[in-house]
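# Structural features, examined
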2 protein chains.
Amino acid sequence: MKINTTQHLSHLKYKYLGIHTQNENVVYMHKDCHVCSSEGFEALTRIRVFYKSQSIVASLNVINSSILSIDEIGLSDEAAKKLNVLENDTLRVRHLEPIESLSHLRAKIYNQKLNYDAYSNIISSISMGDYSNVHLSAFITACAGDRMDIHEIADLTKAMIASGKQLKWKQEIIVDKHCIGGLPGNRTTPIVVAIVAAHGLTMPKTSSRAITSPAGTADTMEVITNVNLSSAEIQQVVLQEGGCFVWGGTAQLSPADDVLIKIEKALDLDSEGQLIASVLSKKAAAGSTHVVIDIPLGPTAKVRNIEMAEKLKNYMETVGHAVGLKVKVVITDGNQPVGEGIGPALEAFDILSVLENKTSAPHDLKNRALFLAGELLELSGEVESGKGTEIAKQLLESGKAMEKFTAICKAQGKFVQPELALYKHEIKAEKSGTLKAIDNRRLAKLAKLSGAPQSPSAGILLKAHLGDQIQEEELLLTVYAESNGELNYALNYYQSQKDMFSIG
Amino acid sequence: MKINTTQHLSHLKYKYLGIHTQNENVVYMHKDCHVCSSEGFEALTRIRVFYKSQSIVASLNVINSSILSIDEIGLSDEAAKKLNVLENDTLRVRHLEPIESLSHLRAKIYNQKLNYDAYSNIISSISMGDYSNVHLSAFITACAGDRMDIHEIADLTKAMIASGKQLKWKQEIIVDKHCIGGLPGNRTTPIVVAIVAAHGLTMPKTSSRAITSPAGTADTMEVITNVNLSSAEIQQVVLQEGGCFVWGGTAQLSPADDVLIKIEKALDLDSEGQLIASVLSKKAAAGSTHVVIDIPLGPTAKVRNIEMAEKLKNYMETVGHAVGLKVKVVITDGNQPVGEGIGPALEAFDILSVLENKTSAPHDLKNRALFLAGELLELSGEVESGKGTEIAKQLLESGKAMEKFTAICKAQGKFVQPELALYKHEIKAEKSGTLKAIDNRRLAKLAKLSGAPQSPSAGILLKAHLGDQIQEEELLLTVYAESNGELNYALNYYQSQKDMFSIG
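Read on for a plain summary of the structure. As the structure is a computational prediction, the values presented were derived from the model and not from experiment.

### Some details on the overall build of chain A
- When you go through chain A residue by residue, the secondary structure sums to 18 helices and 19 strands.
- Since a compact globule built from 504 residues should have a radius of gyration of about 23 Å, the 25 Å found for chain A is in line with a globular shape.
- Across its three principal axes, chain A shows a C-alpha extent of roughly 80 × 50 × 45 Å.
- Taken over 504 residues, chain A has a buried fraction of 62%.
- Here the contacts in chain A between residues at least 6 apart in sequence split such that 78% fall between residues at least 24 apart.
- Accessible area of chain A: about 18,600 Å², with a carbon and sulfur share of 49%.

### Let's talk about the interface of chain A and chain B
- On the side of chain B, 75 residues touch chain A, which itself brings 75 residues to the contact.
- Between chain A and chain B, roughly 6,200 Å² of surface is buried when both sides are summed, and carbon and sulfur atoms account for 56% of that area.
- The interface formed by chain A and chain B includes zero salt bridges.
- Secondary structure elements with two or more residues in the side of chain A that touches chain B: β2 (19-20), α1 (34-39), β5 (54-63), α3 (102-109), α5 (133-143), α10 (255-267), β14 (423-428) and α18 (484-496) of chain A.
- With nine residues, α18(A) is the single largest residue contributor to the side of chain A that touches chain B.

### Some remarks on the relation of the copies chain A and chain B
- Once chain A is rotated about the relating axis by 179° and shifted along it by 0.0 Å, it coincides with chain B to within an RMSD of 0.1 Å. Classification of the inter-copy transformation places it as that of a two-fold axis.
- A share of 100% of interface residues in chain A that are also interface residues in chain B marks the association as one of identical surfaces.

### What about the sheet that holds strand β16 (residues 459-462) of chain B?
Residues and elements named next belong to chain B.
- If you walk across this open sheet you meet the four strands as β13-β16-β18-β14, and the pairing is antiparallel. Each end of this open sheet is capped by a strand with a single partner; those strands are β13 (341-342) and β14 (423-428).
- Note: β16 against strand β18 (residues 475-481), four bridges, orientation antiparallel. Among the inter-strand pairings, L462 is bridged to a residue of β18, identified as L477.
- Each of β14 and β18 touches helix α18 (residues 484-496); the most contacted strand, β14, lies at about 20° to it.

### With respect to the pattern of salt bridges
- Taken as a whole and assessed by the stated rule, the structure comprises 56 salt bridges over all chains.
- Linking D257(B) and K282(B) is a salt bridge whose minimum nitrogen-to-oxygen distance equals 3.8 Å. Placement of D257(B) in helix α10 (residues 255-267) and of K282(B) in helix α11 (residues 272-285) is noted, with a sequence separation of 25 residues between them. K282(B) carries the same exposure label as D257(B), and that label is buried.
- The residue E375(B) makes a salt bridge to K328(B) at a minimum N-O spacing of 2.7 Å. Of the two residues, E375(B) is situated in helix α14 (residues 363-379) and K328(B) in strand β12 (residues 326-333); the sequence distance between them amounts to 47 residues.
- Judged by relative accessible area, K328(B) falls into the partly exposed class, the value being 33%.
- Residues joined by salt bridges that share partners form a network here, namely R48(A), R94(A), E97(A) and D130(A).

### Considerations on the packing of α11(B) against helix α12 (residues 306-322) of chain B
All names here are of chain B.
- For the pair α11 and α12, the least separation of the axes is 11 Å and the interaxial angle reads 45°. Considered as vectors, α11 and α12 are oriented oblique to each other. Handedness of the crossing formed by α11 with α12: right-handed. Contact residues: E272, L275, I276 and L280 in α11; M308, K311, L312, Y315, M316, V319 and G320 in α12.
- Its residues assigned to classes, the contact of α11 with α12 shows eight nonpolar, one polar and two charged.

### Regarding the state of the cysteines
- Summed over all chains, the structure comprises zero disulfides over all chains.
- Between C244(B), a cysteine without a disulfide, and C409(B), which holds the nearest cysteine sulfur, the sulfur-to-sulfur distance is 11 Å.

### Topic: the environment of G485(A)
Residue and element names in this part refer to chain A.
- Structurally, G485 is set in helix α18.
- Look at G485 and you get buried, because its relative accessible area is 8%.
- Distance in space between the C-alpha atoms of G485 and R46 is 37 Å, their sequence separation being 439 residues.

### Things to note about the nonpolar core
- Of all hydrophobic cores here, the largest spans 110 residues; its most connected members are F139(A), I293(A), F139(B) and I293(B).
- For I293(B), the contacting residues outside a window of four places in its chain are H178(B), I180(B), V279(B), L280(B), M316(B), V327(B), K328(B), V329(B) and V330(B).

### Notes on the pairing of β12(B)
Residue and element names in this part refer to chain B.
- Sheet analysis places strand β11 (residues 290-297) next to β12, joined by eight bridges and oriented parallel. Paired with P296 across the strands is T332, a residue of β12.
- Taken together, β11, α12 and β12 constitute a β-α-β crossover, and its handedness is right-handed.

### Looking at the side chain of N25(B)
All names here are of chain B.
- For N25, the location among the structural elements is in the loop between β2 (19-20) and β3 (26-30).
- In terms of polar contacts, N25 uses its side chain to reach the backbone carbonyl oxygen of V57, at 3.0 Å.
- Setting aside chain neighbours within four positions, we find N25 in contact with I56, V57, A58, S59, S76, E78, A79 and K82.

### Describing the sheet that holds strand β19 (residues 501-503) of chain A
Residues and elements named next belong to chain A.
- Ordered by their spatial adjacency, three strands build an open sheet running β17-β15-β19, and the pairing between neighbours is antiparallel. Of all the strands in the sheet, the pair left with one neighbour each is β17 (469-470) and β19.
- In the sheet, strand β15 (residues 433-438) pairs with β17 via two bridges, with the strands oriented antiparallel. By the bridge assignment, T434 is partnered in β17 with Q469.

### So, the packing of helix α3 (residues 102-109) of chain B against helix α4 (residues 116-127) of chain B
Residue and element names in this part refer to chain B.
- Closest axis-to-axis distance for the α3/α4 pair is 9 Å, and the angle between their directions is 115°. Crossing angle aside, the handedness with which α3 passes α4 is left-handed. Residues H104, L105 and K108 of α3 touch α4, and the partners they reach there are A118, Y119, N121 and I122.
- The class makeup of the residues in the contact of α3 with α4 is four nonpolar, two polar and one charged.

### Structural notes on the environment of N64(B)
- Here N64(B) lies in the loop between β5 (54-63) and β6 (72-75).
- Through-space distance from the C-alpha of N64(B) to that of H30(B) is 6.3 Å; in sequence the pair is 34 residues apart.
- Those residues in contact with N64(B) that lie beyond four places of it in its chain are Y16(A), G18(A), H20(A), D77(A), H30(B) and K31(B).
- Of note is the side chain of N64(B), whose polar atom sits 2.5 Å from the side chain of D77(A).

Here is what the cut-offs are and how they apply
Residues numbered from 1 in each chain as written. Chains lettered and ligands numbered in written order. Predicted model: local features only at pLDDT ≥ 70, side-chain atom pairs only at ≥ 80, totals over all residues. Heavy atoms only, no water. Helix = DSSP H or I, 4+ residues; strand = E, 2+ residues; numbered from the N terminus. Rg over C-alpha atoms; globule rule 2.2 N^0.38 Å. Buried < 20%, exposed > 50% of the residue type's maximum accessible area, 1.4 Å probe, protein only. Contact = heavy atoms within 4.5 Å. Areas by Shrake-Rupley, 256 points an atom, 1.4 Å probe, with all protein chains shown as cover. Buried area = accessible area lost by both parts, 1.4 Å probe. Salt bridge = Lys/Arg side-chain N within 4 Å of Asp/Glu carboxyl O. Least-squares fit on C-alpha atoms with pLDDT ≥ 70 in both. Pairing = 2+ DSSP bridges. Axes fitted to C-alpha atoms, helices over the stretch in contact; angles between N-to-C directions. Parallel < 35°, antiparallel > 145°, perpendicular 65-115°, else oblique. Left-handed = near helix turned anticlockwise from the far one by under 90°. Nonpolar A, V, L, I, M, F, W, Y, C, P; charged D, E, K, R; others polar. Disulfide = S-S within 2.5 Å. Core = buried A, V, L, I, M, F, W, Y, C linked by side-chain atoms within 4.5 Å. Right-handed = clockwise from strand over helix to strand, strands pointing away. Polar contact = N/O pair within 3.5 Å; in protein donor to acceptor, adjacent residues only side chain to side chain.

Next up, the structure:
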């Protein structure tokens, strides 16, 4: 039996359509084009698109109008950028070969345990962009809700580390910290980096953007400085200043994580296994050796009971050990937001006021940053146990931390002041009494509806804290937005959720 | 505190772009349009689009080129069709209000049991098109792998029935049958409908298109007659002939099912709970009272062990009872394909040769159809227990079944003969011996790669059966395709999977 095994390739001329799609790569072809008919392509198909020596997988949208002629092909802006293709260049398309890792995905959906090789295949398909949003969502869901055991989480973490670049440092000790989030405004990281770098430790901090919150550290720092640095640029900044505050995505550390995070965001989901793998893979890939992880615990924080916090602590430390990291987990008070600002620019104001030792600076944010910096100084072995916080305080109050912060920002390319959004609305108390509870999740949602983090100066400035004696008509918070539509949208939500503050 | 609660609506002029997308509704707006900037819309956003009194939810793609001007708006063809909008009509857009049922979806992802109200909310969001592919995929995955108990499956089934139209019949007994699939070529349904309708029973058969197989009954019957009938048209055909063979989708029976099936197809997944809810909701919504369900059991069929088959049998019968159906489940031999054809047109040839009592007609297909028709005749109470198969045989061999089949097809609008595809390749045995096993799943995949069911005349004509003495160079099968690209693609797959036939 002889079969022609040459893979049939078809050629089409690229036309710029300027369509910015969602996550997925999209390829556009005319319904009457010879490729669609001779190759049997139709909408719903995923195909491989080649340009020179590169290729991507894209979903086909079929064009029934004259925006493309029959010998032309279009790409979504994202896909065109990946291929680096120019108008009138020739592209080739081909049926998509079966994606082997999908059999592992199906096994996971059916509750089977996967080993390192299986996770490695899946993560490598994801890194290459071979999964559609449907596949990505299925993978996230199949791994959520306690469906991965600790060995699987460790294997997933290792697979994620191996899938991207890995930074190497000449220093023996590289420190890092991470907060698992859930507490609006809890933006200690930039302060901690400034303090420990001022002490002489190396802290090449890479952060995520927000997953389900109104701001991630990368979103916040982007208001003040450049956070999209290449790994060469990160190396240079850290060599010079001992620290950095950058987004992990452009550095190509654990690239599958950035793809998965977009889908988790769409699902408003942040599952345990993915959370651990996401955090620890970024840390290990960034070359860290000693990591403090902060788990805020409270009734409306991400972690709501001590059993869950202890389980996460155990998992983080065990998986950390498996991937060669010394991890210390601290469980902190997660009953209310930290600082006053919620949203990138508003949180940046808080950070600067703490670093500048202003008397108006939020005490809670300052104290948490000092505690975490102290833990890191102690974990590194550089500072005697029990002395960490005191030394951190000296570094902050002497102005050395601010000096280091400014120097790092300048090394990253700029140091600019944050700005407030144009549209705002003050929300006042409707009665007097003691503030007994704040619903963190609904407050975060209010900030998100106002536009944060996509609109960096949107968000909330919170003036009330647990235990405060509130008077009727006293200011509780101000909502900031960059457009009137978003402001109204957030305020409509607040109207239906007034019990996010319990005053009694 | 007073807040402006009027929902802001923005107006844009509709321009036809002719983009046929995947499942999701897509809306296109220029990046500089006043709505994008004043409302804070950006790519990744899901928004609500209004036209007259109707609205849909769509994902935003932002246009950076001149294919849209700043006061124009485009829609994917699917979305434009739903809104029935014409060029230059005015559309309004608004931020998407939070979708409440997503909290139930998240609860299910975290392994919580959901009640009827929760499933009902989710199914109604899905029917309205409010879920993105990411949400749909998460729902399917969260319900797969034994994550629904029998009460949940019953509640999901009821929710799916209630979400669409429900057909009513004046006859007391309405029979139906369904095969859960997994066995290529097993296309007994049209023969069974013809036999029981010839007997005088009422069998308003609605079928799915293929989920993960090379052909569904609707795909196969579409080669011979019209299967896209409105519910009024279905009523008319059944009133006249006592039976029909239609696609369930256009009849608006359990509409969420059709949305979910597309995503299951993309995942190549057909999970237990969704399977039961899908089958029984369609049956109940179609007004059936007595249903025979065929579960083929075999090492490479969909159901591979007797425990799984018994469990499905129990679930089907229990959930059937809960929704008011008398269900009989029969477990049949699922060791090899049935008939010779695999793919819509090729299976249609087999059906016609059985109905026409040709001596060349596949015996296995004929015998299964007679057995199932007999079971239905007995379940209905119209025929004495033990006599069903014999009476079915008389109806078939007398030509009454073929007469009824032709009459139903004509009532559905046409009766045409199937045609063979233009491109074909014969695959011959490489050695002599006994045919010991056929891998159904890989054979089905081969047929799918050849283009079935999208290309209706593509597929496989299988000439070898288990136990056959095969000679070297003897014909095993012929692969048919509608394009050379698809033929090569299928043959490349076969080259790498030669052990789908075990000859020894």
